[in-house]
Amino acid sequence: MTQQQTDENPGPATHSAGPVKWKLWLLTVVGIYPLLTILVTATGPLLEPLAPPLRLAIIVPIVVAAMVWVVMPFLTRRCARWLMR
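Residues numbered from 1 in each chain as written. Predicted model: local features only at pLDDT ≥ 70, side-chain atom pairs only at ≥ 80, totals over all residues. Heavy atoms only, no water.

Turning our attention to the packing of helix 2 (residues 21–47) against helix 3 (residues 52–78). Where helix 2 contacts helix 3, the axes come no closer than 9 Å and their chain directions differ by 145°. Crossing of helix 2 against helix 3: the hand is right-handed. Contact residues: helix 2 offers Leu27, Thr28, Gly31, Ile32, Leu35, Leu36, Leu39, Val40, Thr43 and Leu47, while helix 3 offers Arg55, Ile58, Ile59, Ile62, Val63, Ala66, Met67, Val71, Met72, Leu75 and Thr76. The residue makeup of the contact of helix 2 with helix 3, split by class, is 16 nonpolar, 4 polar and 1 charged. (Axes fitted to C-alpha atoms, helices over the stretch in contact; angles between N-to-C directions. Helix = DSSP H or I, 4+ residues; strand = E, 2+ residues; numbered from the N terminus. Left-handed = near helix turned anticlockwise from the far one by under 90°. Contact = heavy atoms within 4.5 Å. Nonpolar A, V, L, I, M, F, W, Y, C, P; charged D, E, K, R; others polar.)

With that out of the way, let us pick up the nonpolar core. Within the largest apolar cluster, 10 residues are counted, these being Leu27, Leu39, Leu47, Ile59, Val63, Met67, Val71, Met72, Leu75 and Leu83. If you list the elements that add at least two residues to this core, you get helix 2 and helix 3. For this core, the leading source of residues is helix 3, giving 6 residues. Once you skip the residues sitting within four places of it in the chain, Ile59 turns out to touch Leu36, Leu39, Val40, Thr43 and Leu47. (Core = buried A, V, L, I, M, F, W, Y, C linked by side-chain atoms within 4.5 Å. Buried < 20%, exposed > 50% of the residue type's maximum accessible area, 1.4 Å probe, protein only.)

Turning our attention to the packing of aromatic side chains. With the rule as written, the count across this model stands at 1 aromatic pair. Ring geometry for Trp22 versus Trp82: centroids 5.8 Å apart, planes at 85°, classification edge-to-face. Of the two residues, Trp22 sits in helix 2 while Trp82 sits in helix 4 (residues 80–84), which places them 60 residues apart along the sequence. Above the ring of Trp82, the side-chain terminus of Lys23 is found at 5.0 Å from the ring centroid. (Phe/Tyr/Trp six-rings, centres within 6.5 Å; stacked < 30°, edge-to-face > 60°. Lys NZ or Arg CZ within 6 Å of the ring centre and 35° of its normal.)

Turning our attention to a nonpolar patch on the surface. Together, Val20, Trp22, Trp25, Leu26, Val29, Val30 and Tyr33 line one region of the surface with nonpolar side chains, adding up to about 740 Å² of accessible area. Along the chain, Val29 falls in helix 2. (Patch = residues over 30% accessible without salt bridge, like charges linked within 9 Å, V, L, I, M, F, W, Y side chains within 5 Å. Areas by Shrake-Rupley, 256 points an atom, 1.4 Å probe, with all protein chains shown as cover. Salt bridge = Lys/Arg side-chain N within 4 Å of Asp/Glu carboxyl O.)

Inspection of the secondary structure puts Thr43 in helix 2. For Thr43, a relative accessible area of 17% puts it in the buried group. In terms of polar contacts, Thr43 uses its side chain to reach the backbone carbonyl oxygen of Leu39, at 2.7 Å. (Polar contact = N/O pair within 3.5 Å; in protein donor to acceptor, adjacent residues only side chain to side chain.)

Moving on: the side chain of Lys23. Checked against the element boundaries, Lys23 lands in helix 2. Here Lys23 is in contact with Trp82, Leu83 and Arg85, once residues within four sequence places are set aside.

On to helix 3. The sharpest bend along helix 3 reaches about 50° and sits at Met67. Every buried residue belonging to helix 3 is among Ile59, Val63, Ala66, Met67, Val71, Met72 and Leu75, and all of these are buried. Buried residues along helix 3 sit in contact with helix 2. (Bend = angle between axes of the 7 residues up to and from the residue.)

Shown next as structure tokens:
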């Protein structure tokens, strides 16, 4: 069997299963809810003059960046054993 055939058809021994989707969903909710609550509350007075779509255009990239580079890595490390059960 060539390397290309192995890459195209990985067997069960070479494929590792990740966490189930509902656990990742729950971890994401646990991370996003407090982050959004804090950010919306903290920036409310500053962003109040802006229309809601503009407020979201400012807040959403900040929340996504925090989730990708700070919150989710922390939560997945902290909950690694539970995620893989």
